[in-house]
Amino acid sequence: VPDNGLYRFPETREELVRQTPNIVAVKVTDTRVDKMQESNLDENKKIDTFIATAEIKETLRGDLFPGDKIQIVQEGDNQKTIYEYVIKNGGYLEKGKEYLLFLTVSPLTRTDEGHHVYIPRINGQFTLNSEDAVIFRTDMSKQYFGEFQTVGEMKEILDTLVLE
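All figures in this text were calculated on a predicted structure; none of them were measured in a lab.

Scoring rules and cut-offs
Residues numbered from 1 in each chain as written. Predicted model: local features only at pLDDT ≥ 70, side-chain atom pairs only at ≥ 80, totals over all residues. Heavy atoms only, no water. Salt bridge = Lys/Arg side-chain N within 4 Å of Asp/Glu carboxyl O. Helix = DSSP H or I, 4+ residues; strand = E, 2+ residues; numbered from the N terminus. Buried < 20%, exposed > 50% of the residue type's maximum accessible area, 1.4 Å probe, protein only. Pairing = 2+ DSSP bridges. pLDDT = per-residue confidence, 0-100. Contact = heavy atoms within 4.5 Å.

Trainee: Which residues make up the pattern of salt bridges, and what values do they have?
Mentor: Under the criterion given, the structure shown has eight salt bridges. Close ionic contact of K57 with D132 constitutes a salt bridge, the shortest N to O distance being 2.8 Å. Separated by 75 residues along the polypeptide, K57 in strand 2 (residues 46-61) and D132 in the loop between strand 5 (116-128) and strand 6 (134-136) bring together distant segments of the chain. A network of salt bridges, in which partner residues are shared, links R137, D139, K142 and E147.

Trainee: Account for the pairing of strand 3 (residues 69-75), with residues named and values stated.
Mentor: Within strand 3, five of the seven residues are buried, leaving the element largely enclosed by the surrounding structure. Across six bridges, strand 2 lies against strand 3 in antiparallel orientation. Residue pairing across strands places F50 opposite Q74, the latter belonging to strand 3.

Trainee: Which residues make up the confidence of the model for the protein, and what values go with them?
Mentor: Averaged over all residues, the pLDDT of the protein equals 80, while 74% of them reach at least 70. By mean pLDDT, helix 2 (residues 84-88) is the weakest element of the protein at 63, and helix 4 (residues 151-160) is the strongest at 94. Note on residues 1-5: pLDDT is under 50 here. Beyond four places in sequence and across chains, it has 12 contacts.

Trainee: Explain the side chain of S141 residue by residue, including any values.
Mentor: Positionally, S141 belongs in helix 3 (residues 139-145). Overall, S141 belongs to the buried group, its relative accessible area being 1%.

Trainee: Account for the environment of L64, with residues named and values stated.
Mentor: Locating L64 in the fold gives a position in the loop between strand 2 and strand 3. With 42 residues separating them along the chain, L64 and N22 place their C-alpha atoms 7.3 Å apart. Leave out the neighbours within four places in its chain, and L64 touches N22, V24, I56, T59, I70 and Y118.

Below you can see the structure in the form of C-alpha cells.
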C-alpha cells in the first residue's frame, strides 16, 4: 500500500484495524457546515468543516452502540472548498445514505456538548444499500479487504484477524 508523503498508510489490514478504534455501520441523519479548529496547533485558525450526524446501526469494533448518534467531520465544505483526498476516499457523507466506516477520534474537536467528534479513516469508507451490501468502495480499500459484499462478511474478516 503506497505512502502519499503526508500520511503513512498501514501496510496490512491487521495494522489498519489495530489503528482504528471504531468500525461501525451508520445512517447519516443530517449534514451541515460549520467552522472548526484546523487540525494543526493554531487554535485560533478555524476552517469550514463538513459535519455529518449519524446514527450507529451496528458496531463491528469499538465502544459505540446501535442507536448512538455521533458527529463525523470531513475537511472542506463540499461546496466552495472540496478536498481531493476526501473525494478519492469515498466522498463527503450524504444525508439519508448508509456507510460502513472505520473511524478515529478527532484529537482537537468536540461537540458543543463535549462529546467526541469522529474522523473517517482515509481507507475505510464504504457506501451501503439498505440491505447492508457494499455498493461503493475505493481501490485502496480493495487492497486491504478485497471484494467483500456485506457488513456481515466484513465482520467475518475482522473475526479472523490476529490483532495482538
